[in-house]
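Observations on chain architecture
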Amino acid sequence: MSRKQTPLRPYFEKMPEIGKELRDGEIRRSQANVDLVKEQEEILAKEVQRVKNSGIPAEKIHQRGGMTIYDRLDYLVDAGTWCPLHTLYNPQDNEEGCTGVVNGIGKIEGRWAVIIGFDNKVMAGAWIAGQAENILMVTDMAKRLNVPLVWLTNCSGVKLMEQETVYAGRRSSGAPFYRHADLNHLGIPILNGIYGTNPAGGGYQGISPTILLAHKDANIAVGGAGIVGGMNPKGYIDEEAAQALIDGTRNFKGKVPGRVETHFDQTAYFREVHDTEQGVLDGIKDYMRMMPAYDPTMFRVAEPAEPKLPVEDLNMLLPANQKRPYDAVQILARLTDNSEFMEYRPDYGREVFTGIAKIDGFPVAFIGNQQGVFPGYPEYAGGEYPGVGGKHYREGLIKQGEFVTLCGRDNLPIVWLQDTTGIDVGDLAEEAELLALGQSLVYSIEQTELSMMCIVLRKGTAAAHYIMCGPQANNNNAFTLGTPLTEIYVMHGETAAAASYARRLVKESEAGNDLAPTLEKMNQMIQDYQDKSRPAYCAKTGFVDEIVSLPELRKYIKAFTGANYQNPKSITPVHQMLLPRIIKG
C-alpha cells in the first residue's frame, strides 16, 4: 500500500478564506460603476479591432491560399490559453497604427511559451517603427520566465522609406539577434516557423533561432533582388543605373536568394520543410512536446480550484471614481484559488497587504495596496495626519522589503496589485527614512532573481509606481497589466497644475491681474494629464503591456504562474519553505 499527500499540507491544503458575497443592495448601487467600466471596455475593443484590421484585408491573404498571423496563432495555441500582450503598443505613432508584430503567452501542446509573429497583413511583416522595442520586451519575457520563445517569421525586411526609425541604435531591430544568441546561451530554445520572403534583417530573423522549420515557398537571405541590383551605388540613379537595376531584378525574378533548395538541400539550415502552412505549425507542436517541462504535480501544493466568489464581481468592486476607497481583500478574493489567502504581518504596515495564495494549485505571493483611512497611523506622524490607503509609509515599506526577501528565499513568484498615489512626503516622512526605504525595496526586488508581474488596478503614481515592481523593474517584471480603470502619471493633473502655477497665481493676484489666463493654462494641463494617462494611451506608449478586463485578470495570473513553475531555474523544496512557517508563527 502507498500513500501520497501534497507538500506542507497543513499550511496549503486549507488556507484562511477571504472576501464575502455581495449583497443585493451593493449590486444595485454598483450598476453605474459597471456601466463606466463597460464604456472604457468598448473604447479599448474598438482600438483592438483597429489594430487587427491594420494592413491589407485578411481576405486577400486567404485568396492567395495563405494564413494571417491570427489564423496561425488560432491553429497553434491550445484553446483558451492565449493571453495577448502589446496589442495597442505603438510608441512612435506610426502610420501603420501598430508595430507589425503580434505577441503574447500561451500553451502549445500543454507547455507554456512566449509567442510572437510578424503581421503579414502589414507591409508583408516589414520592420517598422516601435517594433524593435516590442520584440525586445518579448524576448526578455521568455528569458525572465525561462520558457521557449516561438517565432512565426514572415518579415520582408526594413521599411526603407523610414529606415532611421528602425535600423541603428542600441535597442534597434538588430538587437533581437543578440537576444536570440543570449537565450540560446542560457538554454532557452527558440522555435521558428518561417513563411514568405525574408531578406536582409528578415533573413537574420529567420536564421538566429534554435530550430528552423520552413514552408516550401519560404526563403531567407542576406539580401533580396532589389538589394542585389543596387549594391554598387554612384550616389544617384541615372538611366544606365536604372537599366542595370531592371536587368538585375529580372534575373532574380524567377529564383529569389535563400530558397528551400538552398537552405534545406545545401546548407541544411532548415530542419524541416512543409508543403502546407499548417504543416509548419504542426512541426512546431512536435518540437514543443520535446521542450523541458516539469509535470505540474511536482510543484502543486493543492488541487487547482476556481475562486469561490465570482470574478464578474470585480466590475462592481473596483470603483471607477479614483478617489473612492474599496476593500482590496474583496478584489483578491476573486483572483485566488478557493478565495483563500495566508496573510503576512497583517497588523504591521497596514497600508499594504502581503501574503501567499494558490493559483491553479501553485503557491504564489501577492502584494497590494490597502485602501481607506488609518487613524493613528503612521506612528511617526504623531497624530498630525492620518494614513491614507494607496500611499506608502515606513512600516509598509519595511514589510514589503522583508516579504520580497523571504519570497526570494522560498522562490515564490510575486503578483503585485498596484493602486498607489505615492510615498508619504514632508519633513516627518524624510525623518522616517522613506526615501531610503523606497530604494531598499527596489534593492530587495533586484536581489531576488524572482519573476514578478504587476497589475495596475487603478493608479500608478510617482515613485510608488517604480517600487511596486512596475515595468521599470525589467530584470524581474515579466509583464505589467492595466485595466479599463488604469491611470499612470507622475502625479494627479490637478496636483501637477498646482505645483506648476501656484507661484504665478500669487504673482498675478498680488499685481491685481486677471487670473483667467493662468487658470486656463492650469486646466489645459489637467486635461493633458487626463488624455495622456488613460488606459488606451498607457497601452500605446508601453506604460503597460496590455489592458485586460477585470474578469480576465485571473487568466493572465494563471499563465504567469504556470510559466514560472514549468521549468524553474531555482527550486526551494516546499517542505523547506520558511515563509508559511513565519506566517503561522
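I will try to describe carefully the structure that is included in this document. (Residues numbered from 1 in each chain as written. Predicted model: local features only at pLDDT ≥ 70, side-chain atom pairs only at ≥ 80, totals over all residues. Heavy atoms only, no water.)

A word on the overall build of the chain. On a plain count of helices and strands, the chain comes out with 23 helices and 21 strands. In terms of C-alpha radius of gyration, the chain reaches 27 Å, essentially the compact-globule figure of 25 Å for 585 residues. By principal-axis analysis of the C-alpha atoms, the chain measures approximately 90 × 85 × 45 Å. Taking all 585 residues of the chain together, the buried fraction comes to 52%. Excluding contacts between residues fewer than 6 apart, the proportion of contacts in the chain whose partners are at least 24 apart in sequence is 77%. Counting only carbon and sulfur atoms, one obtains 52% of the accessible surface of the chain, whose full area is about 26700 Å². Of the charged side chains in the chain, 60 are positive and 72 negative, and the gap between their average positions amounts to 4 Å. (Helix = DSSP H or I, 4+ residues; strand = E, 2+ residues; numbered from the N terminus. Rg over C-alpha atoms; globule rule 2.2 N^0.38 Å. Buried < 20%, exposed > 50% of the residue type's maximum accessible area, 1.4 Å probe, protein only. Contact = heavy atoms within 4.5 Å. Areas by Shrake-Rupley, 256 points an atom, 1.4 Å probe, with all protein chains shown as cover. Lys, Arg positive; Asp, Glu negative; His and termini not counted. Charge placed at Lys NZ, Arg CZ, Asp CG, Glu CD.)

Moving on to the layout of surface pockets. The computed volume of the largest pocket comes to approximately 800 Å³. Lys 391, Thr 421, Gly 422, Ile 423 and Thr 461 are, among the 35 residues lining the largest pocket, the residues nearest its centre. Sorting the residues of the lining of the largest pocket by element identifies strand 17 (422-423), helix 17 (434-448), strand 18 (452-461), helix 18 (462-467) and strand 20 (487-489) as the ones contributing at least two each. Among the residues forming the lining of the largest pocket, the class breakdown is 15 nonpolar, 12 polar and 8 charged. When residues of the lining of the largest pocket are assigned to domains, at least three fall in each of domain 2 (296-486 + 544-578) and domain 3 (491-532). Elements with a contribution of two residues or more to the lining of the second largest pocket: helix 3 (31-52), helix 5 (69-76), strand 1 (83-85), strand 2 (101-108), strand 21 (546-547) and helix 22 (553-566). (1 Å grid on protein atoms, 1.4 Å probe; cavity = no way out; pocket = protein on both sides within 12 Å on 5 of 7 lines; lining within 4 Å. Points joined across faces, edges and corners; volume = space filled by probe spheres on them. Nonpolar A, V, L, I, M, F, W, Y, C, P; charged D, E, K, R; others polar. Domains from an automatic or database assignment.)

By the element assignment, Phe 353 lies in strand 11 (residues 352-359). A sequence separation of 260 residues divides Phe 353 from Asp 93, and the C-alpha atoms of the two residues are 38 Å apart. Ignoring any residue separated from it by four or fewer positions in sequence, one finds Phe 353 in contact with Ala 328, Leu 332, Phe 341, Glu 343, Phe 366, Ile 367, Gly 368, Asn 369, Gln 370, Lys 399 and Leu 417.

Now for empty space enclosed by the protein. Tallying each qualifying case throughout the model produces 1 cavity of 30 Å³ or more. For the largest cavity, the full set of lining residues is Asn 146, Val 147, Pro 148, Gly 187, Ile 188, Pro 189, Pro 292 and Asn 567. For the lining of the largest cavity, the class distribution of residues is 5 nonpolar, 3 polar and no charged.

Per the counting criterion, the structure on display carries 32 salt bridges. With a closest N to O distance of 2.9 Å, Asp 313 and Arg 334 form a salt bridge. You can see Asp 313 sitting in the loop between helix 12 (277-288) and helix 13 (314-317) and its partner Arg 334 sitting in the loop between helix 14 (328-332) and strand 10 (342-343), a full 21 residues away along the chain. The same class applies to Asp 313 as to Arg 334, namely buried. Here Arg 458 and Asp 419 are joined by a salt bridge, their closest N and O atoms 2.8 Å apart. Note that Arg 458 is positioned in strand 18 and Asp 419 in strand 16 (residues 414-420), a separation of 39 residues in sequence. Linked by salt bridges that have partners in common, Lys 14, Glu 17, Lys 308, Glu 340 and Lys 358 make up one network. (Salt bridge = Lys/Arg side-chain N within 4 Å of Asp/Glu carboxyl O.)

The subject of this paragraph is helix 19 (residues 493-510). End to end, helix 19 covers 25 Å across 18 residues, agreeing with the expected 26 Å (1.5 Å per residue, within 8%). The sharpest bend along helix 19 measures roughly 55° and falls at Tyr 501. Every buried residue of helix 19 is accounted for by Gly 493, Ala 496, Ala 497, Tyr 501 and Glu 508. Residues of helix 19 that are buried sit in contact with helix 20 (516-531). One or two steps after helix 19, the chain reaches Gly 512, where phi turns positive at roughly 75°. (Expected span 1.5 Å × (residues − 1). Bend = angle between axes of the 7 residues up to and from the residue.)

A word on the pairing of strand 5 (residues 190-194). The buried fraction of strand 5 is high, at 5 of 5 residues. Pairing analysis gives 5 bridges linking strand 4 (residues 149-153) to strand 5, with the strands arranged parallel. Its bridge partner lying in strand 5, Leu 149 is registered against Ile 190. Crossover strand 4 to strand 5 through helix 7 (residues 175-185) is right-handed. Examined bridge by bridge, strand 5 and strand 7 (residues 211-215) share 4 bridges and lie parallel to one another. Residue pairing across strands places Gly 193 opposite Leu 213, the latter belonging to strand 7. (Pairing = 2+ DSSP bridges. Right-handed = clockwise from strand over helix to strand, strands pointing away.)

Counted under the stated rule, the structure contains 0 disulfides. With no disulfide of its own, Cys 454 has Cys 469 as its nearest cysteine by sulfur position, at a separation of 6.4 Å. Look at Cys 454 and you get buried, because its relative accessible area is 0%. (Disulfide = S-S within 2.5 Å.)

Quick look at the packing of aromatic side chains now. Inspection of every chain in the model, using the stated rule, returns 12 aromatic pairs. Summarising the aromatic geometry, the rings of Tyr 344 and Phe 403 are spaced 5.5 Å apart at their centres and angled 40° between planes, so their arrangement reads as tilted. Here Tyr 344 is found in the loop between strand 10 and strand 11, whereas its partner Phe 403 is found in helix 15 (residues 394-410), with 59 residues between them in sequence. Residue classification places Tyr 344 among the buried positions, given a relative accessible area of 5%. Ring-pair connections join several aromatic residues into one group, and the members of that group are Tyr 294, Phe 299, Phe 362 and Tyr 565. Across from the ring centre of Tyr 195, 3.8 Å away, lies the NZ or CZ of Arg 72, which sits over that ring. Taking the ring centre of Tyr 75 as reference, the NZ or CZ of Lys 285 above it sits at 4.5 Å. (Phe/Tyr/Trp six-rings, centres within 6.5 Å; stacked < 30°, edge-to-face > 60°. Lys NZ or Arg CZ within 6 Å of the ring centre and 35° of its normal.)

Put simply, Tyr 377 and Pro 378 share a cis peptide bond, and its omega is 5°. Examined against the element boundaries, Pro 378 turns out to sit in the loop between strand 13 (373-374) and strand 14 (387-388). Here Asn 338, not a glycine, exhibits a phi torsion of approximately 55°, which is positive. Judged by relative accessible area, which is 22%, Asn 338 ranks as partly exposed. At Ser 339, a residue that is not glycine, the phi angle is positive and equals roughly 50°. Given a relative accessible area of 2%, Ser 339 falls into the buried group.

Let us now look at a nonpolar patch on the surface. Together, Met 123, Leu 160 and Met 161 make up a nonpolar patch on the protein surface, roughly 350 Å² of accessible area in all. Along the chain, the position of Leu 160 falls in the loop between strand 4 and helix 7. (Patch = residues over 30% accessible without salt bridge, like charges linked within 9 Å, V, L, I, M, F, W, Y side chains within 5 Å.)

Taking 1.5 Å per residue as the helical rise, helix 22 with its 14 residues ought to reach 20 Å, and the 20 Å between its terminal C-alpha atoms agrees with that figure. Of all 14 residues that make up helix 22, 12 are buried, and the element is covered over most of its length. Among the residues making up helix 22, those that are buried are Leu 553, Arg 554, Tyr 556, Ile 557, Ala 559, Phe 560, Thr 561, Gly 562, Ala 563, Asn 564, Tyr 565 and Gln 566.

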